[in-house]
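Architecture and fold: a report
So you can see what is in the structure, the chains are spelled out below.
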Amino acid sequence: MTEKMLIRKAAVLGAGVMGAQIAAHLTNAGVQTVLFDLAAKDGPKNGIALKAIANLGKLSPAPLALRSLAGSLVPADYDENLAELKDCDLVIEAIAERMDWKLDLYRKIATHIPSHTILASNTSGLSINQLVEALPEGLRHRFLGVHFFNPPRYMHLVEVIPGKSTDRKLLEGLEAFLVSTLGKGVVFAKDTPNFIGNRIGVFSILSTMHHTPQFKLGFDTVDALTGPAIGRPKSATYRTADVVGLDTMAHVIKTMADTLPDDPWHAHFQSPAWLRALIEKGALGAKAGAGFFRKAGKEIQVLDIAKQDYRTAAAKPSDEVAAILGVKNPAEQFAKLRASNDPQAQFLWACFRDLFHYAAYHLESIAETARDVDFAIRWGYGWKLGPFETWQAADWQAIAKAIAEDVAAGKAMSKAPLPAWVTDGRKGVYAAEGAYSPRADKSLPRPDAPVYKRQLFPDPLIGEKFDQGKTVWENDGVRLWTLGGDDIGIVSFKTKMNTVNDAVLDGLQRAVEESEKQLEAMVIWQASDKAFSAGADLKGALGLLKEGKITQLEAMIANFQRTSMRIKHSLVPVVAAVRGLCLGGGCEFQMHAARTVAALESYIGLVEAGVGLLPAGGGCKEIAERCARASLHDDPFDQIKKHFEVIAMARTSTSALEAKELGLLRDSDVVVFNAFELLYVAKDVAASLAESGWRPPLPSNRITIAGDVGTATIKAQLVNMRAGNFISGHDMEIATRIADTLCGGNIERGSMVDARWLLDLERRHFIELAQMPKTQERIAHTMTTGKPLRN
């Protein structure tokens, strides 16, 4: 058995943008973390680290899963606090990309590093084998590269780069820590400049920059072509450069030129003249207010090189290219791009061609398998498909032939020949046996480290299929199934964004019934990582309202409530496995589950107020009941007031940890950091509950409520807000009804009611709000625009 790696305390050296955010994410994961930087010249010696910690709360997206976690970070400096290193299990260096600075720091800290500690550099491309030279012999076997991508909390990729001296025995434990504790996707890279992600990713940017003037395209046109249109992030190419910083981009390009003198593409490792000109003018991108793009009022403007001035950014793909990109068959799509005379099509083909050429040529020197390259680009750059996946989907040999022809014709960026393995008759780099390794000259399976047994459905590569389990029962709304031959049922929705309609409601009730008869427990889990459930089917509800079918709408809401209560009082434990959006009715379902297991990146909220309604799938009832339990024999109003604000403001958590703080998750609910482990943990929790002799809670017949006094108190605050024009008249109407429901209605303070009373109350208020024109306007506006309407 591999020895488990215990990391209780960590230190991060360097409180810059990356260092501070790495420290923040370690803190998110419950690791006691010390953040070091140079001693400040003025004020407290640890002032630089103190300022960096304070700045974490200002960054967007938020590095901390809870703002209050900033108080757990320990600020330190190298002059007075090196003793803090003596009990650290992990030390990550994250200072500037200067070899000399890093070596000086290692010499300074070496005597303070315990013998068991892992020392890692977050370098984005410097040689690990050169860096280790500054360390004493006794530390070298525990030194390696651990490269996070920015922003560390959200980017899935961490590159691990062992050096020649690194003890291979520690890699499995470190990998498990990075994967399970921090929630990352680990790719092992060879110790070559820029490793894998930046080596391929930066080349792709350079290729795009090279071909932009060649095909006489504007920067906004290029971004319209290289973003979501081809499965890449909205920031595309030039917006990404602006966000990264044009000076930083130029530095990365120079690093490639300095460290890769023998690369066949070396002639292109230089910043274009127009990039250098922008830097000289101080137009460094987003941080300077202008770069390739700038904002003028509400208008986004783009630099026009020919005019040497900014103009409105409004470009989009040409009609021909839009049609080509709409072709579903990748082989046909790429053939059309190459054959087209449209400059945009020629541009896209050239960018893909040179990317494929470069990745294939360097695969053996930078990575073990094609899988490592594709995951590095997907997880580190946010592409839907990596370069090798894209190539294989588009007909491997046809693309290889086209690349070779373009190389021979002098159209490609380099005359370097394709490696022999590319044209050996293969259909691609992925097969049933695994991913191709040029070193081994065969396909290698996925890593078999124990940590990956926790990923029942890992991130799939092209062509990969995983066991879809055995269906127990299904209808049009849900499927109840089992996996691995056990007795834990899994329910998955079939609707878009896993919204809730009649088929889902009826299906969930039947699934609970079948689980009680045949299984030990049930987990609600969705295959999509985008949403557990985006809530009720608003389109269906609005349709009933427009047709005046109020009775049918009320029946649907009553059925919603029955479903939630069926989940809560099931004779087998029901566990909700939440990741992504969990809104409205989806939130209400998880609130009624025996436990919720939520991925860190879960965005949970009772958001009905945003569309002019209130939670009526049992959500208000459940909050009122929880408030009463938390207050024991006291007035529950103080508890209710906090929850009222969350519901009335339609607040959505920015993490699962914040959902606990907002009261949308319970203290007993479980948070996992790696979303690919969610189903494994949820099944484990469900099995544990079943094994412990699960019995559902008894019906709630004595719920203490805040009553008319509670409602009046909240309403008085609302009157003041309305007078100050902080809320609209309809906002006040909605909020008053939310308050009335949470406080138990117009009855005496301290009265006892049952769950049915509260369910009837929330349902009545929902139906009355739904019939109001302003609510219907809000619903229609949200459905049309995806944004809330304040009316």
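Above: the structure in question.
Below you will find a few notes about this structure. (Residues numbered from 1 in each chain as written. Predicted model: local features only at pLDDT ≥ 70, side-chain atom pairs only at ≥ 80, totals over all residues. Heavy atoms only, no water.)

1. Here we look at unusual backbone geometry
Heads up, the rule is: In this description a helix means any DSSP run of H or I spanning at least four residues, a strand means any run of E spanning at least two, and both kinds are numbered starting from the N terminus. Burial here depends on accessible area, computed with a 1.4 Å probe over protein chains only, as a share of the maximum for the residue type. Under 20% is buried, over 50% is exposed, and the range in between is partly exposed.
Cis geometry is adopted by the peptide bond preceding proline 61, which originates at serine 60 and carries an omega value of 0°. Among the secondary structure elements, proline 61 is positioned in the loop between α2 (47-56) and β3 (74-77). Cis peptide bonds are those with omega within 30 degrees of zero, and the linkage from asparagine 150 to proline 151 qualifies with 0°. Looking at the element boundaries, proline 151 is found in the loop between β6 (143-148) and β7 (157-162). Here alanine 236, not a glycine, exhibits a phi torsion of approximately 50°, which is positive. Within the secondary structure layout, alanine 236 lies in the loop between α8 (219-225) and α9 (238-244). Alanine 236 gets classed as buried once you look at its relative accessible area, which sits at 15%.

2. Concerning the side chain of lysine 683
As a reminder of what qualifies: Any pair of N or O atoms that falls within 3.5 Å is considered a polar contact. Within protein, one atom must be able to donate a hydrogen and the other to accept it, and sequence-neighbouring residues count only if both atoms are side-chain atoms. Contact criterion: two residues are considered in contact whenever any of their non-hydrogen atoms come within 4.5 Å of each other.
Locating lysine 683 in the fold gives a position in helix α25 (residues 678-691). Separated by 2.7 Å, the side chains of lysine 683 and aspartate 486 make a polar contact. Setting aside residues up to four positions removed in sequence, lysine 683 forms contacts with Leu456, Leu483, Asp486, Ile488, Ile490 and Val523.

3. Focus: the state of the cysteines
Which entries qualify depends on this criterion: Any two cysteine sulfur atoms within 2.5 Å of one another count as a disulfide.
As enumerated under the stated definition, the model contains 0 disulfides in all. For the unlinked cysteine cysteine 620, the closest cysteine sulfur is that of cysteine 627, found at 11 Å. On the basis of relative accessibility, which here comes to 0%, the residue cysteine 620 falls in the buried class. For cysteine 627, which is in no disulfide, the shortest distance to another cysteine sulfur is to cysteine 743 and amounts to 9.1 Å.

4. Considerations on empty space enclosed by the protein
Keep this limit in mind: Here a cavity denotes a set of grid points, spaced 1 Å apart and computed over the protein atoms alone, in which a 1.4 Å probe fits but from which it cannot get out, and a pocket denotes an open set meeting protein on both sides within 12 Å along at least five of seven lines; residues with an atom within 4 Å of a point are reported as lining. Grid points are joined across faces, edges and corners, and a volume is the space filled by probe spheres set on the points. Three classes are used, and their members are as follows: Ala, Val, Leu, Ile, Met, Phe, Trp, Tyr, Cys and Pro are nonpolar, Asp, Glu, Lys and Arg are charged, and the others, Gly among them, are polar.
All chains considered together, the criterion is met by 1 cavity of 30 Å³ or more. Taken as a whole, the largest cavity spans an internal volume of roughly 40 Å³. Lining of the largest cavity is provided by Thr208, Thr226, Ile230, Arg232, Leu348, Cys351 and Phe352. The dominant element in the lining of the largest cavity, judged by the number of residues it contributes, is helix α14 (residues 343-366), at 3 residues. A per-class count over the lining of the largest cavity returns 4 nonpolar, 2 polar and 1 charged.

5. Description of the sheet that holds strand β10 (residues 299-304)
Which entries qualify depends on this criterion: Strand pairing follows a simple DSSP-based rule, namely that at least 2 bridges must link the two strands. Each axis is a line fitted through C-alpha atoms, taken for helices only over the stretch in contact, and angles between the N-to-C directions span 0 to 180 degrees.
Taken in spatial order, the 3 strands of this open sheet run β9-β10-β11, and their pairing is antiparallel. Either end of the sheet is taken by a strand with one partner, and the two such strands are β9 (293-296) and β11 (309-312). Averaged over all pairs of adjacent strands, the angle between their axes in this sheet comes to 40°, without regard to strand direction. Note: β10 against β11, 4 bridges, orientation antiparallel. Across the sheet, valine 302 pairs through a bridge with arginine 311, a residue of β11.

6. Structural notes on the sheet that holds β3
Across the sheet, which stays open at both edges, the 8 strands sit in the order β3-β2-β1-β4-β5-β6-β7-β8 with mixed pairing between neighbours. Strands with a single pairing partner mark the edges of an open sheet, and in this sheet they are β3 and β8 (185-188). The average angle at which neighbouring strand axes cross in this sheet is 25°, direction not considered. Pairing between strand β4 (residues 90-93) and strand β5 (residues 118-121): 4 bridges, direction parallel. Its bridge partner lying in β5, leucine 90 is registered against isoleucine 118. Relative to the sheet, helix α1 (residues 17-28) contacts β1 (9-13), β2 (32-37), β4 and β6, its axis offset from that of β2 by approximately 170°.

7. Regarding the layout of surface pockets
The volume enclosed by the second largest pocket comes to roughly 1400 Å³. Around the second largest pocket sit 33 residues that line it, and Tyr154, His156, Arg378, Asp529 and Lys530 are the ones nearest its centre. Per-element accounting of the lining of the second largest pocket gives the leading share, 4 residues, to strand β21 (residues 595-605). A breakdown of the residues in the lining of the second largest pocket according to their chemical character gives 15 nonpolar, 7 polar and 11 charged.

8. Some thoughts on helix α10 (residues 246-259)
To be explicit about the condition: Here the expected length of a helix is defined as 1.5 Å per residue gap, with one fewer gap than residues.
A rise of 1.5 Å per residue sets the reference length of α10, with its 14 residues, at 20 Å; its end C-alpha atoms lie 20 Å apart and thus fit the reference within 8%. Taken residue by residue, α10 has Leu246, Met249, Ala250, Ile253, Thr255, Met256 and Ala257 as its buried positions.

9. Examining the nonpolar core
Note that soluble globular proteins tend to have their nonpolar side chains buried in a common cluster. This is how it is decided: In this description, a nonpolar core means a group of buried Ala, Val, Leu, Ile, Met, Phe, Trp, Tyr and Cys residues linked to one another through side-chain atoms lying within 4.5 Å.
Among the nonpolar cores identified, the biggest contains 112 residues, and Phe36, Leu85, Phe269, Phe292, Phe388, Trp391 and Trp421 are the most heavily contacted of them. Looking at this core element by element, the count peaks at 14 residues for α14. Sequence-distant contacts of tryptophan 421, defined by excluding residues within four places in its chain, comprise Ala360, Leu363, Phe388, Trp396, Arg426, Val429, Tyr436 and Pro438. Formed by 70 residues, the second largest nonpolar core is a distinct cluster that contains Val500, Ala541, Ile604 and Phe637.

10. Side note on the packing of helix α23 (residues 637-648) against helix α27 (residues 729-742)
Between two packed helices, what matters for the description is the angle formed by their axes and the separation of those axes. Note the cut-off: With the far helix as reference, a near helix turned anticlockwise by less than a right angle produces a left-handed crossing, and one turned clockwise produces a right-handed crossing.
Contact geometry of α23 with α27 gives a least axis separation of 10 Å together with a crossing angle of 140°. You can see that α23 and α27 cross each other, and the crossing is right-handed. Contacts from Ile640, Phe644, Ile647 and Ala648 in α23 reach Ala735, Ile738, Ala739 and Leu742 in α27. The residue makeup of the contact of α23 with α27, split by class, is 8 nonpolar, no polar and no charged.

11. Here's the deal with the pairing of strand β15 (residues 470-474)
As judged from the 4 bridges shared by β15 and strand β16 (residues 478-482), these two strands associate in the antiparallel manner. Within β16, the residue paired with lysine 470 across the bridge is threonine 482.

12. What to know about the packing of helix α20 (residues 550-568) against helix α28 (residues 755-770)
The interhelical angle for the contact between α20 and α28, taken along N-to-C directions, is 145°, at an axis separation of 10 Å. Judged by the sense of rotation from one axis to the other, the crossing of α20 with α28 is right-handed. For the pair α20 and α28, contact is made by Ile550, Leu553, Glu554, Ile557, Ala558, Gln561 and Met565 and by Ala755, Arg756, Leu759, Glu762, Arg763, Phe766, Ile767 and Ala770, respectively. Here the residues of the contact of α20 with α28 are counted per class, giving 10 nonpolar, 1 polar and 4 charged.

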